[in-house]
There are 2 protein chains.
Amino acid sequence: MADQSVSDIVVGRLPLYLRALDVMSKSGQSFVSSHELARWLGTSSAQIRKDLSQFGEFGVQGRGYDVHELRANLRHILHLEREWAVVVVGAGRLGSAVASYPGFAQRGFTICALFDNHPDKIGQLIGNLRVRPMSELADFVQAHRVRIAMIAVPASAAQEVADQLVQAGVRAILNYAPIDLVVPPSVRVENVDPALQLQHMTYYLSEE
Amino acid sequence: MADQSVSDIVVGRLPLYLRALDVMSKSGQSFVSSHELARWLGTSSAQIRKDLSQFGEFGVQGRGYDVHELRANLRHILHLEREWAVVVVGAGRLGSAVASYPGFAQRGFTICALFDNHPDKIGQLIGNLRVRPMSELADFVQAHRVRIAMIAVPASAAQEVADQLVQAGVRAILNYAPIDLVVPPSVRVENVDPALQLQHMTYYLSEE
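Residues numbered from 1 in each chain as written. Chains lettered and ligands numbered in written order. Predicted model: local features only at pLDDT ≥ 70, side-chain atom pairs only at ≥ 80, totals over all residues. Heavy atoms only, no water.

Observations regarding the interface of chain B and chain A
Next, step 1: Every contact between the two is made by 62 residues of chain B and, on the other side, 62 residues of chain A.
Next, step 2: Summed over both sides, the interface between chain B and chain A buries roughly 6,400 Å², with carbon and sulfur atoms accounting for 61% of that surface.
Next, step 3: Among the residues of chain B in contact with chain A, Arg19(B), Gln199(B) and Tyr203(B) are the three that bury the most area, contributing 13% of the side total.
Next, step 4: Linking chain B with chain A are 6 salt bridges.
Next, step 5: Ionic pairing is found between Asp180(B) and Arg19(A), a salt bridge with its closest N-O pair at 3.2 Å.
Next, step 6: Connecting chain B to chain A are 28 residue pairs in polar contact (both at pLDDT 80 or more).
Next, step 7: Those elements giving two or more residues to the side of chain B that touches chain A turn out to be α1 (8–26), α2 (34–41), α5 (93–100), β9 (148–151), β10 (172–175), β11 (188–191) and α9 (194–202) of chain B.
Next, step 8: Among the elements that line the side of chain B that touches chain A, the one with the most residues is α9(B), at 9 residues.
Next, step 9: Split by residue class, the side of chain B that touches chain A holds 37 nonpolar, 10 polar and 15 charged. (Contact = heavy atoms within 4.5 Å. Buried area = accessible area lost by both parts, 1.4 Å probe. Salt bridge = Lys/Arg side-chain N within 4 Å of Asp/Glu carboxyl O. Polar contact = N/O pair within 3.5 Å; in protein donor to acceptor, adjacent residues only side chain to side chain. Helix = DSSP H or I, 4+ residues; strand = E, 2+ residues; numbered from the N terminus. Nonpolar A, V, L, I, M, F, W, Y, C, P; charged D, E, K, R; others polar.)

Below, the structure is given as structure tokens:
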């Protein structure tokens, strides 16, 4: 489905454009120029026009982009017209926060199951999800054709969990464990490691 | 302090190298070749050698990099030889999880205060931090010379919080609110928005 000729960096910017359009749409704005979108996102209007032109002709001469239409187009391109089912592995403090965070559902992702291997955790209710044992993971993923998972287990357990997820059919992993997962080329991994982002910024902070 | 001639993309990769070296160091490994580091990180050895060469001569001919030494050098370059004090604004579910996440302290960041403006939240104990009222934010940041903050408030409140933080002297913001903050050029912002990362990956998932 995805056009492989488009660079992954460009693809990575589309959700940012969509996020801005979501806000504009909610506030009732009908049109937006590439200049306004660029100011909003701290980028250049040329960049936005160039990025979007790779997917079609979206602008209207003199009026800019139709907010509703461009939003619908981006949702189509990113395969967000459907709800995606997501499983979370790890029901510790982080996994619990992730599983009950309302921001995912608002953006197209329904967390449908939460797994852990600790006897104390299994059966507990977190948000509206009851923690399932790891032994049920593969069957659940296969039965519900789940393609997306989030890993929120300790670093030492993350690779094994990733292997199980991939084996069961998961194709996209959001990894909260602070290690680099090894997966086949057909599987995408995005890492969430805010400490990395802090360490990136401290480079620019002088020591006083 | 920071060498402005080094590209921000290269700087952004240093914490990744450091994270790998942290693991190697813990497991007692003394030397690592650029090839092994590259395999670990899913990048090329040429990339790693090129990145590191911008900061000095770190490799030892025929033996690769001294893990302990390179780790110490990267910590120096990234200003991680000291502990950084961090304030968290927003004591909701996300802010509470962020404030009590042990992964920050292990990587050089001490969360020293948690702020919220909701009367029900103020005074509550979250982890070992008592939630402080927003009215104390500016004084606290100034008194403790805090340079780093995390924003975990709703999108609608995030810009105002960012303005207050910048005004008080914060120079680096980790933003968990799903909006683009506007800050002066002297202030760095990194955004944590896992839904964006999921939306990036769904581009590559076919709709079955």
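Right, picking up where we left off after that structure.
Overview of the packing of aromatic side chains
Next, step 1: Tallying each qualifying case throughout the model produces 8 aromatic pairs over all chains.
Next, step 2: When the centroid spacing of 5.3 Å and the interplanar angle of 85° are considered together, the rings of Tyr101(B) and Phe104(B) count as edge-to-face.
Next, step 3: The interplanar angle of 85° and the centroid separation of 4.9 Å between the aromatic rings of Tyr203(B) and Tyr204(B) together place this pair among those described as edge-to-face.
Next, step 4: The rings of Phe55(A), Tyr203(B) and Tyr204(B) are connected pair by pair, giving a single aromatic cluster.
Next, step 5: Sitting above the plane of the Phe31(A) ring, Arg63(A) keeps its charged end 3.9 Å from the centroid.
Next, step 6: Between the NZ or CZ atom of Arg82(B) and the centre of the ring of Trp84(B), over which it lies, the distance is 3.6 Å. (Phe/Tyr/Trp six-rings, centres within 6.5 Å; stacked < 30°, edge-to-face > 60°. Lys NZ or Arg CZ within 6 Å of the ring centre and 35° of its normal.)

Some details on the packing of α1(B) against α2(B)
Residues and elements named next belong to chain B.
Next, step 1: One can describe the packing of α1 onto α2 by two numbers: an axis separation of 11 Å at closest approach and a directional angle of 105°. The angle between the axes of α1 and α2 places the two elements in the roughly perpendicular class. In contact with Leu16, Tyr17, Ala20, Val23 and Met24 of α1, α2 contributes Leu37, Trp40 and Leu41.
Next, step 2: Looking at the contact of α1 with α2 residue by residue, the class counts come to 8 nonpolar, no polar and no charged. (Axes fitted to C-alpha atoms, helices over the stretch in contact; angles between N-to-C directions. Parallel < 35°, antiparallel > 145°, perpendicular 65-115°, else oblique.)

Some remarks on the environment of Leu129(A)
Residues and elements named next belong to chain A.
Next, step 1: Along the polypeptide, Leu129 turns up in strand β7 (residues 129–130).
Next, step 2: Spatially, the C-alpha atoms of Leu129 and Arg39 are 41 Å apart, while their sequence positions differ by 90 residues.
Next, step 3: Contact partners of Leu129, with chain neighbours within four places excluded, come to Ala99, Ile111, Cys112, Ala113, Leu114 and Gln124.

Focus: the sheet that holds β10(B)
Residues and elements named next belong to chain B.
Next, step 1: The strand order across the open sheet built from 6 strands is β8-β5-β4-β9-β10-β11, with neighbouring strands paired in parallel fashion. Edge strands, defined here as strands with exactly one partner in the open sheet, are β8 (132–133) and β11.
Next, step 2: Of the pairings in the sheet, the one linking strand β4 (residues 84–89) to β9 comprises 4 bridges and is parallel in character. Across the sheet, residue Val86 finds its bridge partner in β9, namely Ile148. (Pairing = 2+ DSSP bridges.)

Overview of the environment of Val182(B)
Residue and element names in this part refer to chain B.
Next, step 1: For Val182, the location among the structural elements is in the loop between β10 and β11.
Next, step 2: Taking relative accessible area as the criterion, Val182 reaches 58% and is therefore assigned exposed.
Next, step 3: A sequence separation of 23 residues divides Val182 from Gln159, and the C-alpha atoms of the two residues are 7.2 Å apart.
Next, step 4: Setting aside its immediate chain neighbours within four residues, Val182 contacts Gln159 and Asp163. (Buried < 20%, exposed > 50% of the residue type's maximum accessible area, 1.4 Å probe, protein only.)

Focus: the relation of the copies chain B and chain A
Next, step 1: Each copy superposes on the other: chain B lies on chain A with an RMSD of 0.0 Å after a rotation of 180° and an axial shift of 0.0 Å. Here the two chains are linked by the operation of a two-fold rotation axis. Residue Ala97(B) of chain B places its C-alpha closer to the rotation axis than any other residue of that unit, at 3.3 Å.
Next, step 2: Residue by residue, 100% of the interface of chain B is reproduced at the interface of chain A, so both copies engage with the same surface. (Least-squares fit on C-alpha atoms with pLDDT ≥ 70 in both.)

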